[in-house]
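# Reading the structure
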Amino acid sequence: MKVPFKIIKIINIIALLFLLAGGYGLPFTGALQVLAAVLFLITFPRNKLIYIYFCLVILFFLIWDQHTIDWLFLLPIFLVFFLTYTIRNKKRKLKTENKITTKDY
């Protein structure tokens, strides 16, 4: 499990760095975040938070064309932090599960 987490973590960090480019970096951030989410989904298909993430991404693109919503650009920033939280949460759970199983032996 270490290799997929390292790849997902590196992609996520690079995506967060693209946020420093402002509006120009948002498309790259979004693409890298979706790539990290797909890898996370392949690695952990039973995680419910990743399905919530994909539902929010689909919702974002469904309402993208409506020009009357000004708060729409807050959703990608929320998605960045939500995916980061999902990755960190799963990593923390795996660490605690490993500690419990190694103490049992």
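Scroll up a little and you will see the structure.
One structure accompanies this document, and this report is about it. (Residues numbered from 1 in each chain as written. Predicted model: local features only at pLDDT ≥ 70, side-chain atom pairs only at ≥ 80, totals over all residues. Heavy atoms only, no water.)

Another point: the nonpolar core. Formed by 20 residues in total, the largest nonpolar core has its most connected members in Phe-5, Ala-37, Phe-40, Ile-50, Tyr-53, Leu-83 and Ile-87. Every element with two or more residues in this core is listed here: α1 (2-18), α2 (26-43), α3 (48-62) and α4 (74-104). Ranked by residues supplied to this core, first place goes to α4 with 6 residues. Residues within four places of Ile-87 in sequence aside, it is in contact with Phe-5, Ile-8, Asn-12 and Phe-40. (Core = buried A, V, L, I, M, F, W, Y, C linked by side-chain atoms within 4.5 Å. Buried < 20%, exposed > 50% of the residue type's maximum accessible area, 1.4 Å probe, protein only. Helix = DSSP H or I, 4+ residues; strand = E, 2+ residues; numbered from the N terminus. Contact = heavy atoms within 4.5 Å.)

Next up on the list: α2. An α-helix turns once per 3.6 residues; consequently, residues spaced three or four apart project the same way. For α2, built from 18 residues, the straight-helix expectation of 26 Å at 1.5 Å per residue is met to within 8% by its first-to-last C-alpha distance of 25 Å. All of the buried residues along α2 are Thr-29, Gln-33, Ala-36, Ala-37 and Phe-40. The buried residues of α2 all sit within an arc of 105° when viewed along its axis, so they share a single face. What points out from α2, more than 90 degrees from its buried face, is the exposed set Pro-27, Ala-31 and Ile-42. (Expected span 1.5 Å × (residues − 1). Arc of directions from axis to C-beta.)

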